[in-house]
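Examining the three-dimensional arrangement
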Amino acid sequence: MKKKFLSVLLIVAVLIGMAGVSGTQTESGEQKADKEQKQQENEQTAETKVEIPPENEEEQKGWIGVILNGDETEAYTLAHIDGIRAAAENVSLPEQDIIWKERVGANDGCKSAVKDLIRQGCEIIIANSAIYEEAIKSEAEKNPEIDFVVINDSKTELTNLYNVHMDTYEASYVAGVTAGMKVAKLKEKKKIPAKSFDEKKNVKLGYVAAEANDDAHADINAYYLGVKAVCKKVVLQVEYIDAWNNSDAEATAAGDLIRSGCVVLASNTDLDAVMQMAENAKESGKCVYAVGRNSDMRQMAGKAALTSVVSVWSVYYTELFDAKLNGRYMEQNWNGGYAQGAVTISTLGKSASSGTGDRVKKTEEKIKNGKKQIAYFSTRALDGILESEKGQEQ
């Protein structure tokens, strides 16, 4: 009886022990599951923090908003960026007071950028291209408390809209004198190949232009007149590419002109592909030189570059910022040329002919003091200028 009782106790103890072990295993499994779930939640939270910035992060605030059709890798846009930064420094305006919008599309893209800049507190909004003209005019009408600036030669009656136009034809004329000096020297030394003369013994020159409009005709005609002021027997072939920011189209047009025998190339576009093509041709042994646009291009084309037509944007932007900071009057339809120090040509390249510096200096002085009037005719190409079909259709 005693043995039977002990046996029963032993069985009960074993059962209790098994139950205890089983309970411990179940509890351990639940803890493990809880741990894995919490770990997953922590990982998700960490991912969320990386993807979504804190709600209380402050948006940049500014006083001046700048809408750009390109970025600082492009000569035209870089000229505006440098001009605005220089002007800001001239009037002691902190860099953080300027908000930049790069590669902005026309129309809806521009309007969206304007709304962002107004929300960020900007009181002056600058659009660096004529492609924004309609959008900026529309936004200026809707926001009379904001001052708007657009680069074009239109006139406006809106008191908060400012139009800016650089008389680059003046600098184009001077650049033409530089090119003419080079052509004259090449002819004198008999270094121009036979294919670079036409049937009338005129030396072939080339020009790549973005559009066939009045501004383009003014620049092209003035450049041509500058060349002929030094070297009479020249003909200018013009290729229009219908694009301001298309390096492939620029390069193709420049290549066509080089193959046709053009000795000096010039351009009125936003990029530097024409200068690059001229430099490549020069390095390969061809008789090719070039006049650049918007910036000094000697560094990228040390052998081909003669000079560049340059707008000094800091002149206008300094005047604008100073007027707005000090409550002074600012001309709404602003034109700037040599007299205002707003246009010039860049430092002459190593390939420029001897005596060019003196000739350029005298020409610039005559333009500045009004003794030299450039009859450039903006509505059509002058005789002696051969336009591509796109130009003839204009």
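Residues numbered from 1 in each chain as written. Predicted model: local features only at pLDDT ≥ 70, side-chain atom pairs only at ≥ 80, totals over all residues. Heavy atoms only, no water.

**Regarding the overall build of the protein chain**
Across its full length, the protein chain holds 11 helices and 13 strands. Going through the 394 residues of the protein chain one by one, you find that 47% of them count as buried. Contacts spanning at least 24 positions in sequence make up 71% of the contacts within the protein chain whose residues lie at least 6 apart. Here the protein chain displays about 20,600 Å² of accessible surface, and carbon together with sulfur accounts for 49% of that area. (Helix = DSSP H or I, 4+ residues; strand = E, 2+ residues; numbered from the N terminus. Buried < 20%, exposed > 50% of the residue type's maximum accessible area, 1.4 Å probe, protein only. Contact = heavy atoms within 4.5 Å. Areas by Shrake-Rupley, 256 points an atom, 1.4 Å probe, with all protein chains shown as cover.)

**Notes on the confidence of the model for the protein chain**
Regions with low pLDDT carry predicted coordinates that are not meant to be interpreted in detail. Across the protein chain, the average pLDDT comes to 87, with 84% of residues at or above 70. Here residues 1-33 is modelled with pLDDT under 50, and outside its nearest four sequence neighbours on either side it reaches zero contacts, counting other chains as well. (pLDDT = per-residue confidence, 0-100.)

**Quick word on the layout of surface pockets**
Estimates place the volume of the largest pocket at around 630 Å³. Surrounding the largest pocket, 32 residues form its lining, Tyr76, Ala130, Ile151, Asp215 and Trp244 being those nearest its centre. The element best represented in the lining of the largest pocket is helix H6 (residues 214-228), accounting for four residues. Broken down by class, the residue content of the lining of the largest pocket amounts to 13 nonpolar, 11 polar and eight charged. (1 Å grid on protein atoms, 1.4 Å probe; cavity = no way out; pocket = protein on both sides within 12 Å on 5 of 7 lines; lining within 4 Å. Points joined across faces, edges and corners; volume = space filled by probe spheres on them. Nonpolar A, V, L, I, M, F, W, Y, C, P; charged D, E, K, R; others polar.)

**So, the side chain of His217**
Mapping His217 onto the fold places it in helix H6. Note on His217: relative accessible area 4%, which makes it buried. Apart from the residues within four sequence positions on either side, His217 is in contact with Tyr240, Tyr376, Phe377, Ser378, Thr379, Arg380, Ala381 and Glu387.

**A few points about unusual backbone geometry**
Backbone geometry places Lys190, a non-glycine residue, at a positive phi of 55 degrees. When you line up the elements, Lys190 lands in the loop between helix H5 (168-188) and strand S6 (203-209).

**Side note on the pairing of strand S2 (residues 98-101)**
On a regular strand, each side chain points to the face opposite its neighbour's, so the side chains alternate between the two faces of the sheet. In the sheet, strand S1 (residues 64-67) pairs with S2 via four bridges, with the strands oriented parallel. Bridge pairing in S2 places Ile64 opposite Ile98. Regarding the hand of the β-α-β motif, the stretch spanning S1, helix H2 (residues 75-90) and S2 is right-handed. (Pairing = 2+ DSSP bridges. Right-handed = clockwise from strand over helix to strand, strands pointing away.)

**Examining the packing of H2 against helix H9 (residues 313-326)**
Packed helices, taken two at a time, are described by the angle between their axes plus the distance between the axes. Their axes nearest at 8 Å, the elements H2 and H9 cross at an angle of 40 degrees. Relative to H9, H2 is oriented oblique. Once H2 is placed against H9, the crossing between them reads as right-handed. Judged by residue contacts, Tyr76, Ala79, His80, Gly83, Ile84, Ala86, Ala87, Ala88 and Asn90 of H2 engage Trp313, Ser314, Tyr317, Thr318 and Phe321 from H9. Residue composition of the contact of H2 with H9, grouped by class: nine nonpolar, five polar and no charged. (Axes fitted to C-alpha atoms, helices over the stretch in contact; angles between N-to-C directions. Parallel < 35°, antiparallel > 145°, perpendicular 65-115°, else oblique. Left-handed = near helix turned anticlockwise from the far one by under 90°.)

**Considering helix H8 (residues 273-283)**
Of the residues making up H8, those classed as buried are Ala273, Val274, Met275, Ala278, Glu279 and Ala281. Where H8 is buried, its residues meet S6, helix H7 (247-259), strand S8 (264-268), strand S9 (289-293) and strand S10 (305-311).

**Brief notes about the sheet that holds strand S4 (residues 147-151)**
With respect to topology, six strands assemble into an open sheet ordered S2-S1-S3-S4-S5-S11, the strand pairing being parallel. Across the chains shown, the open sheet's two edge strands, defined by having one partner strand only, are S2 and strand S11 (333-336). Each neighbouring strand pair of the sheet contributes to a mean axis angle of 15 degrees, computed without reference to strand direction. By the bridge criterion, four bridges tie strand S3 (residues 124-127) to S4 in an arrangement that is parallel. Bridge pairing in S4 places Ile124 opposite Asp147. Sitting on the sheet, H9 touches S1, S3, S4, strand S5 (161-166) and S11, and the angle it makes with S5 is about 155 degrees.

**Here we look at H7**
Its 13 residues place the ends of H7 18 Å apart at the C-alpha level, agreeing with the 18 Å of an ideal helix rising 1.5 Å per residue. Residues of H7 that are buried include every one of Ala249, Glu250, Ala253, Ala254, Gly255, Leu257 and Ile258, and no others. Each element contacted by the buried residues of H7 is listed here: S6, strand S7 (234-240), S8 and H8. Among the residues of H7, the N-terminal cap falls to Asn246, whose side-chain oxygen and the backbone nitrogen of Asp248 are separated by 3.2 Å. (Expected span 1.5 Å × (residues − 1). Polar contact = N/O pair within 3.5 Å; in protein donor to acceptor, adjacent residues only side chain to side chain.)

**As for the sheet that holds S8**
Pairing is mixed across the open sheet formed by seven strands, whose spatial order is S12-S10-S9-S8-S6-S7-S13. Each edge of the open sheet carries a strand with a single partner, namely strand S12 (343-345) and strand S13 (385-387). This sheet shows a mean twist of 20 degrees between the axes of neighbouring strands, independent of strand direction. Direction of pairing for S6 relative to S7: parallel, over a ladder of seven bridges. Residue Gly206 lies in a different strand from S7, and its bridge partner there is Gln237. Packed on one face of the sheet, H8 meets S6, S8, S9 and S10 and runs near 160 degrees to S9.

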